[in-house]
Amino acid sequence: MSPSVDFATRFQRLLALLRHAAARGDDGIPYPELAGEFGLTVPQLVRELETASMIGADEVHYDRMPFEVILDDDRVSVRLFSMDRPLRLTPAEALQLVASAGALANDEDEDSPLRRALAKVGAVIGVEPGEDIDVEADPDGGASGRLLRDAITAGKVVSFRYWSYGRDEVSVREVDPWAVTRADAEWYLIGLDRASSEERRFRLDRMSELQVLDATAGPGPKDLDTSRTGLPDAPEVVIDLPPDARWVVEQLPTVAAVPGVDGRITVTLRATSRTWLERLLVRVGPEAKVVDLDERLGPPEVLGAAASRMLDRYRRNGATDRAR
Amino acid sequence: MAANKLERILTLTHILLETPRHLTAVEIRSRVPGYPSEEESFRRSFERDKAELRSMGIPLDVDNVPGTDPPILGYRIPPGEGTLRDPGLAPDELDALRLAVAVIGSGDGTGQRALLKLGGGVTPDTAGGLLVSDPAIEAAFEGLAERRRLSFRYHDVDRDVDPYRLQFARNRWYLVGFDHSRGALRWFRLDRVQGEVTAGPTPGAFERPEGETPGLQLAPWLVGGDTDETVTARVWFDPDIAAYVRAGLGDVEVVGDDSDGLVVELPVTNREGFRSWVMSYLDRAEVLGPASLRDEVVDWLTEVAE
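Residues numbered from 1 in each chain as written. Chains lettered and ligands numbered in written order. Predicted model: local features only at pLDDT ≥ 70, side-chain atom pairs only at ≥ 80, totals over all residues. Heavy atoms only, no water.

So, on to the overall build of chain A. In terms of regular secondary structure, chain A is built from 9 helices and 13 strands. Computed over its C-alpha atoms, the radius of gyration of chain A comes to 30 Å, more than 25% above the 20 Å expected for a compact globule of 324 residues. Overall size of chain A, expressed as C-alpha extent along the three principal axes, is 90 × 55 × 45 Å. Looking at chain A residue by residue over its 324 residues, the buried ones come to 47%. Of the contacts made within chain A by residues no fewer than 6 positions apart, 55% connect residues no fewer than 24 positions apart. Only carbon and sulfur atoms are counted for the fraction: they give 49% of the accessible area of chain A, which is about 15800 Å². Charge separation in chain A, taken as the distance between the mean sites of 41 positive and 57 negative side-chain charges, equals 6 Å. (Helix = DSSP H or I, 4+ residues; strand = E, 2+ residues; numbered from the N terminus. Rg over C-alpha atoms; globule rule 2.2 N^0.38 Å. Buried < 20%, exposed > 50% of the residue type's maximum accessible area, 1.4 Å probe, protein only. Contact = heavy atoms within 4.5 Å. Areas by Shrake-Rupley, 256 points an atom, 1.4 Å probe, with all protein chains shown as cover. Lys, Arg positive; Asp, Glu negative; His and termini not counted. Charge placed at Lys NZ, Arg CZ, Asp CG, Glu CD.)

All names here are of chain A. As paired elements, strand 5 (residues 156-164) and strand 6 (residues 169-183) share 7 bridges and run antiparallel to each other. Each residue of the ladder has a partner; that of S164, found in strand 6, is E169. Between strand 5 and strand 6, which follow one another and run antiparallel, lie 4 residues, and D168 among them has a positive phi close to 55°. Where strand 6 lies against strand 7 (residues 186-193), 8 bridges are found, and the strand directions are antiparallel. Bridge pairing in strand 7 links A183 to E186. In this antiparallel pair of consecutive strands, strand 6 and strand 7, the connection spans 2 residues, and D184 shows a positive phi of 50°. (Pairing = 2+ DSSP bridges.)

Taken together, the 117 residues of chain B in the interface contact 112 residues of chain A. Counting each side, the surface lost to burial between chain B and chain A is near 10300 Å², with a carbon and sulfur contribution of 61%. The largest share of the area that chain B buries against chain A comes from B:K117, B:Y244 and B:L282, three residues that together contribute 8% of it. For the interface between chain B and chain A, the tally reads 15 salt bridges. For A:D6, the salt bridge is made with B:R113, and the minimal N-O distance between the two is 3.2 Å. Along the contact surface separating chain B from chain A lie 31 residue pairs in polar contact (both at pLDDT 80 or more). In terms of residue count, the dominant contributor to the side of chain B that touches chain A is helix 1 (residues 2-18) of chain B (13 residues). Residue composition of the side of chain B that touches chain A, grouped by class: 56 nonpolar, 27 polar and 34 charged. Where strand 4 (residues 133-135) of chain A lies against strand 5 (residues 157-169) of chain B, 3 bridges are found, and the strand directions are parallel. Along strand 5 of chain B, the bridge assignment pairs A:D134 with B:Q167. (Buried area = accessible area lost by both parts, 1.4 Å probe. Salt bridge = Lys/Arg side-chain N within 4 Å of Asp/Glu carboxyl O. Polar contact = N/O pair within 3.5 Å; in protein donor to acceptor, adjacent residues only side chain to side chain. Nonpolar A, V, L, I, M, F, W, Y, C, P; charged D, E, K, R; others polar.)

Now for the sheet that holds strand 2 (residues 61-64) of chain B. All names here are of chain B. If you walk across this open sheet you meet the 3 strands as 1-3-2, and the pairing is antiparallel. The open sheet terminates on both sides in strands that have one partner only, identified here as strand 1 (23-24) and strand 2. Where strand 1 and strand 3 (residues 73-76) come together, 2 bridges link them in antiparallel fashion. Opposite T24, over in strand 3, you have G74 as the bridge partner.

The next thing to look at is the environment of B:A90. Residue and element names in this part refer to chain B. With respect to the helices and strands, A90 occurs in the loop between strand 3 and helix 4 (91-104). What makes A90 partly exposed here is its relative accessible area of 26%. With 98 residues separating them in the primary sequence, A90 and F188 have C-alpha atoms 37 Å apart.

All names here are of chain B. Taken as a whole and judged by the stated rule, the model has 20 aromatic pairs over all chains. Measuring from ring centre to ring centre gives 6.3 Å for Y35 and F46, while their planes differ by 90°; the resulting arrangement is edge-to-face. Of this pair, Y35 sits in the loop between helix 2 (25-31) and helix 3 (39-55) while F46 sits in helix 3, placing them 11 residues apart in sequence. Its relative accessible area of 10% is what places Y35 among the buried residues. With a relative accessible area of 1%, F46 lands in the buried category. Ring centres 5.1 Å apart and planes at 85° place the aromatic pair F152 and F188 in the edge-to-face group. With a gap of 36 residues between them, F152 in strand 4 (residues 150-154) and F188 in strand 7 (residues 184-189) connect regions that are remote in the sequence. (Phe/Tyr/Trp six-rings, centres within 6.5 Å; stacked < 30°, edge-to-face > 60°.)

What follows covers the nonpolar core. Counting residues in hydrophobic clusters, the biggest one holds 51 residues, and the most contacted among them are B:L166 and B:W173. Excluding residues that lie within four positions of it along the chain, B:L166 makes contacts with A:L95, A:D132, A:I133, A:D134, B:I137, B:A140, B:F141, B:L144, B:W173, B:Y174, B:L175 and B:L190. Ranked by size, the runner-up nonpolar core spans 46 residues in total, among them A:Y31, A:V78, B:I15 and B:A25. (Core = buried A, V, L, I, M, F, W, Y, C linked by side-chain atoms within 4.5 Å.)

All right, on to the domain arrangement of chain A then. Residue and element names in this part refer to chain A. When the domains of chain A are assigned, the result is domain 1 (7-80), domain 2 (91-125), domain 3 (142-216) and domain 4 (236-314). Each of domain 3 and domain 4 has a C-alpha centre, and the two are 29 Å apart. Of the residues lining the interface, 4 residues belong to domain 3; the matching set on domain 4 comes to 6 residues. On the domain 3 side of the contact with domain 4, Y165, G166 and R167 bury the most area, a combined 85% of that side's loss. One can count 0 salt bridges joining domain 3 with domain 4. Summed over the shared surface of domain 3 and domain 4, the number is 3 residue pairs in polar contact (both at pLDDT 80 or more). Of the residues in the side of domain 3 that touches domain 4, the class split is 1 nonpolar, 1 polar and 2 charged. (Domains from an automatic or database assignment.)

Residue and element names in this part refer to chain B. Averaged over chain B, the pLDDT score is 85; the fraction of residues at 70 or greater is 91%. Mean pLDDT per element in chain B: helix 1 is the minimum at 83, and strand 4 is the maximum at 95. Listed scores for the predicted complex are pTM 0.73 and ipTM 0.76. (pLDDT = per-residue confidence, 0-100.)

Here you go:
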């Protein structure tokens, strides 16, 4: 923590370090140890302690001072007469503690330090972790995320079987891994796809048979932009959606969404591929109408091709309950 | 300037905690060093300090000072309410919390302040930022912790909700609670709340029902699943994508998983959600049964293909 923290943090830090020092009794604590615990230099620490020693100095009655701070040559000792209990947590603070701990505690033993801490904090603020509040926050992309990070550190090429959802193709890829990054709720690998010699992004949950190869990977560009998502140049399609396809607007990034009559919505989307668009049309159903289509996405007449292909499958296998 | 403020707020907190009765503004000014002597500047400065105390979670009680006539307003921190029962965290427990806040927390200093209050030192500098937070989520949490009824607008309806459970999944916060305007248990995506979430004035306004609160359902074949009769669907998936499908399915019945493909059985309570989900796999998935569900899919595809 840098010394230029906001006021609330500085205030809580001073109270915390006073309590920390007071816990050592009259022997006190050496300056460097206390400073290190709170991320301060010794001069910064001394300045904060001097401020604290002023509190209540104007009081007529000495015993009304909240604490006594004795600054020796090499150590400080503190006696607390007041503020010896932690100040109440704000809802935002309590939430951060319980949720952060809860996210990691899921995978831990019953009496791990984190589980014990979570139970104690929960009891003080009145929530039951895991029951009242439940957090699933994959903090590192799981086993694949960790393996890929190791490969990046070691500068090794990785290979995996990948399901390209947009094109609906499964193939084995060899990639020079550059970065593992999270966007919205998903984890991605960014790297150089060896087959196409282009920068690509791969969703970790669509990889399988991930391996680190012996081949040495080239480094990524210095100015790699890990935040970029979506495809700014992808062709656009305009679709007139029925009311029950509102989820499209809520779940997909849209260029524009204009309300129409009877709850219909005219939405402009960027389509990553023709297959992507055909899939969307199969999902939204017959009530949706393609209004305008970038010619790069192919002819508009046969957009039902995916539905026909699927229908062929059902017809081939018979129209009744199929046991296997 | 900053040092003065630190000294001033510390002294203010101290005298408001220790006072046996409400203190008037005049008394506060005389006991806290650093306030301007001019009346109007003092008022402004004192108002800012009160706001600072409240934002740090220190409650202020305002009431008439006993024995004053005409009555004069006085201030104090209500005994016992300004402080927390010390949870008594052991050093290894504090370290574990510190790490969790650093890895998961919002990264905006809130978790750090919480740790300082509990006696922990500083957290290591990390990216953090996984748990986004905002006032709606914090108000929902306050309602949950103190059993206060929440009011907010959702899907254009004003709701009164007893919060039972907060859940973070797929990078979003959800609230599960009893919706009095609907007379039923409902879940809400907190990022879709229109306007503010307010926690009611009364703590302990409701009892959470005995037993486990049903968890949030995100599976598309179950979401909002109180409309359709439950049917067990049997679905086949292409062996090429079986690994990815299984990873995303959670706890479902796997009937077969071999070179012929993956076959699973799912309880479907929302046919529309189920259909949309199966369709997203294109011809790499097929509804095998029951016949009624399979026929629905065939009819749907026939219409789309035309």
